[in-house]
Amino acid sequence: MKFKIYKAILATFAFIAILLVYTLLGFIIYKGFDNISLELIFQDVRVLDAILLKQRVFDGIFPAIVGTVMLIFLSLGFSFIFGFASGIYLSIYANKKIKEYINFCFELLSSVPSILIGLFFLLLSIYLHEKFFTNFLPSLLLSSLALSLLIMPYIVKNTQYSLDNIPKSIKLLSLNLGLSKTKNLFLILIPYSSKELLSGVFLALGRACEDTAVIMLTGAVASVGIASSIFSKYEALPFYIYYISTNYSDENELNQAFSAALILLCISLFLFLITKLIQKGVKKKNGYY
């Protein structure tokens, strides 16, 4: 009887959580779907001219969409390199004492508010600008570095967890057959846990998509067009949504912010689907699917 009561309580809370998620998504779709149009994205610029960068889009959100995608891939690139390597080291090579210390450091990093990370990189850019590089200013590069530091703990912990939870028989099989620890890692362990490793990338992806505080302090602006290089200022959808929602003059402008939020969700969904396809491809290639 008690088990049934506990099960019912847990099921109720799970249902409420799912209901809240779908309520939020439904509200965003309801408020933003009607305002999504080519005019919102490109204004009066021809679509092909905007995509081929033949003509600049001034009032549409196309530069913010491009800036968001660039920011995501740059921050994921930086964080994946260091986070993946750190997770492998913690799972395979580190002894217990070092593992506890490094894990504590990453847990501490994951608890740092994003606004503090943004402020740190802003002050860093000011210092470097005054002391060493006069052309070093808040930019796409600085934002991506700040975001990579923010999402790195997710990749580290997921990589470590994925490798730690591989069955011991799988870990020891190739070692008993004569493979070195390094070959065992790259030929057996990483392919075996590839699905879980890519899941961590998607988790970091979602974190990189939504943060506003970091990019607001490190290079994102309201209207600058598509960044010409990683050292330029840029536009991004999270900052656009924040800017419009705090400075709107009528309901139509506020609904544009909802439309931008819906487009941001669609970008996240698209990248998630790509991640799932890569997961299936890796599993099939390595014979684990």
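The rules behind each value
- Along each chain, residue indices are assigned from 1 in the same order as the chain's sequence is written.
- Predicted model: local features are reported for residues with pLDDT of at least 70 only, side-chain atom pairs are reported and counted for 80 or more only, and whole-chain, interface and lining totals are derived from all residues.
- Side-chain metrics in this entry use all non-hydrogen atoms of the structure; hydrogen atoms and water are not considered.
- Note on terminology: a nonpolar core comprises buried Ala, Val, Leu, Ile, Met, Phe, Trp, Tyr and Cys residues joined through side-chain atoms within 4.5 Å.
- With a 1.4 Å probe rolled over the protein chains alone, any residue whose accessible area is under 20% of its type maximum counts as buried; one over 50% counts as exposed, and the rest are partly exposed.
- Secondary structure counts use DSSP, requiring at least four H or I residues in a row for a helix and at least two E residues in a row for a strand, with both numbered from the N terminus.
- In this analysis, two residues are considered to be in contact whenever any of their non-hydrogen atoms come within 4.5 Å of each other.
- A patch consists of residues whose relative accessible area exceeds 30% and which take part in no salt bridge; residues with like charges are grouped when within 9 Å of each other, and nonpolar side chains (Val, Leu, Ile, Met, Phe, Trp, Tyr) when within 5 Å.
- Note on areas: Shrake-Rupley, 1.4 Å probe, and residue coverage restricted to the protein chains presented here.
- The term salt bridge refers to a side-chain nitrogen of Lys or Arg lying within 4 Å of a carboxyl oxygen of Asp or Glu.
- Lines fitted to C-alpha atoms define the axes, with helix axes restricted to the stretch in contact, and inter-axis angles between N-to-C directions lie between 0 and 180 degrees.
- Roughly parallel means an angle under 35 degrees; roughly antiparallel, over 145; roughly perpendicular, 65 to 115; everything else is oblique.
- Less than a right angle of anticlockwise turn of the near helix away from the far helix marks a crossing as left-handed, whereas a clockwise turn marks it as right-handed.
- Classification used: nonpolar for Ala, Val, Leu, Ile, Met, Phe, Trp, Tyr, Cys and Pro, charged for Asp, Glu, Lys and Arg, polar for all others including Gly.
- Only the six-membered ring of Trp is used, alongside the rings of Phe and Tyr, when aromatic pairs are assigned; centres must lie within 6.5 Å, and planes under 30 degrees apart are stacked while those over 60 apart are edge-to-face, with the rest tilted.
- Nitrogen and oxygen atoms within 3.5 Å of one another constitute a polar contact, given that in protein one can donate a hydrogen and the other can accept it, and given that sequence-neighbouring residues count only through two side-chain atoms.

Q: Is there a simple way to think about the nonpolar core in this case?
A: Ile-41, Ile-61, Ile-65, Leu-76, Leu-237 and Ile-263 are the most contacted members of the largest nonpolar core, which has 32 residues in total. Going through the elements one at a time, α2 (38-42), α4 (62-93), α7 (140-164), α10 (194-210), α12 (237-247) and α13 (251-286) are the ones with two or more residues in this core. Tallying contributions element by element places α13 first for this core, with 8 residues. Filtering out sequence-adjacent residues up to four positions away, Ile-263 remains in contact with Ile-36, Ile-41, Ile-61, Ile-65 and Leu-237. In this structure, Ile-117, Ala-146, Val-214 and Ala-227 belong to the second largest nonpolar core, which totals 17 residues.

Q: Any chance you could explain a nonpolar patch on the surface here in plain terms?
A: A surface patch of nonpolar side chains, about 1000 Å² in accessible area, is lined by Met-1, Ile-5, Tyr-6, Ile-9, Phe-13, Phe-15, Ile-16, Leu-19 and Leu-20. By the element assignment, Phe-13 lies in helix α1 (residues 2-32). A relative accessible area of 56% means that Phe-13 is categorised as exposed.

Q: Is there a simple way to explain the packing of α7 against α10 in this structure?
A: Helix-helix packing is characterised by the crossing angle of the two axes and by the distance between the axes. One can describe the packing of α7 onto α10 by two numbers: an axis separation of 9 Å at closest approach and a directional angle of 160 degrees. Here α7 is positioned roughly antiparallel relative to α10, judged by the angle of their axes. Seen from above, α7 lies across α10 with right-handed handedness. The residues of α10 that touch α7, namely those facing Leu-147, Leu-150, Ile-151, Tyr-154, Ile-155, Asn-158, Thr-159 and Ser-162, are Glu-196, Leu-197, Gly-200, Leu-203, Ala-204, Arg-207 and Ala-208. Of the residues belonging to the contact of α7 with α10, the class tally is 9 nonpolar, 4 polar and 2 charged.

Q: Would you explain the packing of aromatic side chains in this entry?
A: In this description, an aromatic ring pair is defined by two values, namely the gap between the centres and the angle between the planes. For the structure shown, the criterion picks out 7 aromatic pairs. Considering the side-chain rings of Phe-27 and Phe-258, the 5.5 Å spacing of their centres and the 85 degrees angle between planes classify their relative orientation as edge-to-face. Here Phe-27, found in helix α1, pairs with Phe-258, found in helix α13; they are 231 residues apart in sequence, far enough to count as distant. Exposure remark for Phe-258: the relative accessible area of 18% places this residue in the buried category. Measuring from centroid to centroid gives 5.1 Å for Phe-42 and Phe-62, while their planes differ by 35 degrees, and the two rings are tilted. Taken together, the positions of Phe-42 in helix α2 and Phe-62 in helix α4 put the pair 20 residues apart, joining distant regions of the chain. Residue Phe-42 is classed as buried on the basis of its relative accessible area, which comes to 7%.

Q: What is the right way to look at the packing of helix α5 (residues 96-110) against α7 in this model?
A: At a closest axis distance of 8 Å, the pairing of α5 and α7 adopts a crossing angle of 140 degrees. Viewed along their axes, α5 and α7 adopt a mutual orientation that is oblique. The crossing of α5 and α7 is left-handed. Residues Lys-99, Asn-103, Phe-106, Glu-107, Leu-109 and Ser-110 of α5 form the contact with α7, whose participating residues are Leu-149, Met-152, Pro-153, Val-156, Lys-157 and Gln-160. Grouping the constituent residues of the contact of α5 with α7 by class yields 6 nonpolar, 3 polar and 3 charged.

Q: Could you clarify how one ought to interpret the side chain of Thr-218 in this entry?
A: Its place among the elements puts Thr-218 in helix α11 (residues 213-218). With a relative accessible area of 0%, Thr-218 lands in the buried category. A polar side-chain atom of Thr-218 sits 2.6 Å from a polar atom in the side chain of Ser-143. Contacts of Thr-218, omitting those with residues within four sequence positions, involve Gly-118, Phe-121, Leu-122, Pro-138, Ser-139, Leu-142, Ser-143 and Ala-146.

Q: What should I look at first to understand the environment of Leu-262 in this one?
A: Here Leu-262 is to be found in helix α13. Since its relative accessible area comes to 9%, Leu-262 is described here as buried. For the pair Leu-262 and Pro-138, spaced 124 residues apart in sequence, the C-alpha separation works out to 27 Å.

Q: How do you make sense of the side chain of Ser-148 when you look at a structure like this?
A: Mapped onto the elements, Ser-148 comes out in helix α7. With sequence-adjacent residues up to four places away left out, Ser-148 is seen in contact with Ser-75, Phe-78 and Ser-79.

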